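Coordinate analysis (summary)
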Amino acid sequence: MEQFIHEEVHTKSDIDVRFEIYESSNDFVPEHWHRSMEVVYIYDGEMDITVNHRKQRLAKDDFMVVNTAAIHATQTYDYARVLLLQIPYQFLTHAIADYDNIQFDLSLKPAARPADNAGCSCPPSDALRRILTEMGRLDTEKPQGYSLRFSSLLYDFLYTLVVHYQVTVNHTAKVQSQKNLDRLAPVIRYIKEHYTELITLEEAASLAALNPEYFCRFFKRNMGTTFTAYVNSVRLSHVCYDLKNTDLNIGTILERHGITNYKLFMRNFKQIYGCPPKDFRKSL
């Protein structure tokens, strides 16, 4: 069965992973998933990250590991500087034995790890922070032997996760979850490609081969939000981008991105961004 991945992940050829440090201000990324494992580390500011329907606020020096195929969304406020690491599924299965049967849970309370090669005997969470910040330094400075050192740190990062934060996956639950994602995939892809158009519940349900009533429950149970709210969130994320990066008037932007219910749009925008579009643009 073809496994559709909602977000395609592009890697750097010299280090085999996606790695970047970026600045974000009032950005909202709606729910999505991919086969890569994702790690975010906050240098400055704050980010809300929702993973499998659970929201957590990350502040300076906090980090989060998002497991393969976990549905997640992010939102930043004001200004944030963020490190993003995405490790492809193929890399993970090659590096970690039986990877398909495990995942990582940072809520575990492991004992302090033995001192590593650098003499660090700090708690595993601090060791992971140290590794991520060193990766960031290497990626910024690109010293001689950069890719070799980066790869060494990447394996140390995975080693620490495996030793201290590994949990066994329920095979039956994982198979069912993958079936659900496979059924949702054409719906999410269609929304992504046609969000500027009218998308009916009946259309979406037919793409999932479900009747509309059951589809509503199915979508909410798996995505953590309603079908209508998700479509609106995709539109809002594009509206936000245009407010920040173009001089188009607000009415033109709304029309451009398929917004027809102005009152609903205003309510949703204020709920996500905390102010109306006009004030949002003035604050930039």
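Scope of this entry: the structure provided in the associated data block. (Residues numbered from 1 in each chain as written. Predicted model: local features only at pLDDT ≥ 70, side-chain atom pairs only at ≥ 80, totals over all residues. Heavy atoms only, no water.)

**Here we look at the overall build of the protein chain**
Looking only at helices and strands, the protein chain features 10 helices and 10 strands. Since a compact globule built from 284 residues should have a radius of gyration of about 19 Å, the 20 Å found for the protein chain is in line with a globular shape. Referenced to the eigenvectors of the C-alpha coordinate spread, the extents of the protein chain come out at roughly 60 × 45 × 35 Å. Residues counted as buried form 45% of the 284 residues belonging to the protein chain. Within the protein chain, counting contacts between residues at least 6 apart in sequence, those at least 24 apart form 71% of the total. As displayed, the protein chain has an accessible area near 14,800 Å², and 49% of this comes from carbon and sulfur atoms. Charge separation in the protein chain, taken as the distance between the mean sites of 32 positive and 35 negative side-chain charges, equals 5 Å. (Helix = DSSP H or I, 4+ residues; strand = E, 2+ residues; numbered from the N terminus. Rg over C-alpha atoms; globule rule 2.2 N^0.38 Å. Buried < 20%, exposed > 50% of the residue type's maximum accessible area, 1.4 Å probe, protein only. Contact = heavy atoms within 4.5 Å. Areas by Shrake-Rupley, 256 points an atom, 1.4 Å probe, with all protein chains shown as cover. Lys, Arg positive; Asp, Glu negative; His and termini not counted. Charge placed at Lys NZ, Arg CZ, Asp CG, Glu CD.)

**Quick look at the sheet that holds strand β8 (residues 80-87)**
Across the sheet, which stays open at both edges, the 4 strands sit in the order β1-β8-β3-β6 with antiparallel pairing between neighbours. At either end of the open sheet lies a strand with only one pairing partner, and these are β1 (18-24) and β6 (63-66). Between one strand axis and the next, the sheet turns by 15° as a mean value, whatever way the strands run. (Pairing = 2+ DSSP bridges. Axes fitted to C-alpha atoms, helices over the stretch in contact; angles between N-to-C directions.)

**Points about the packing of aromatic side chains**
A complete count under the given rule lists 14 aromatic pairs for this structure. Of the aromatic side chains, those joined through ring pairs into one cluster are Phe215, Phe219, Phe227 and Tyr230. Directly above the aromatic system of tyrosine 43 lies the positively charged group of arginine 81, at a separation of 4.5 Å from the ring centroid. A cation over an aromatic ring shows up here: lysine 142 above the ring of tyrosine 146, its NZ or CZ 5.1 Å from the ring centre. (Phe/Tyr/Trp six-rings, centres within 6.5 Å; stacked < 30°, edge-to-face > 60°. Lys NZ or Arg CZ within 6 Å of the ring centre and 35° of its normal.)

**Describing the pattern of salt bridges**
Following the criterion strictly, the structure yields 12 salt bridges and no others. Residues aspartate 48 and arginine 57 are paired through a salt bridge, measuring 2.8 Å at the closest nitrogen-oxygen approach. The class of arginine 57 is partly exposed, set by a relative accessible area of 43%. For the salt bridge of lysine 142 with aspartate 139, the shortest nitrogen-to-oxygen distance reads 3.4 Å. Taking the relative accessible area as the measure of exposure, lysine 142 reaches 42% and is therefore partly exposed. Overall, the relative accessible area of 11% leaves aspartate 139 in the buried class. Sharing partners across several salt bridges, the network here consists of Glu46, Asp48 and Arg57. (Salt bridge = Lys/Arg side-chain N within 4 Å of Asp/Glu carboxyl O.)

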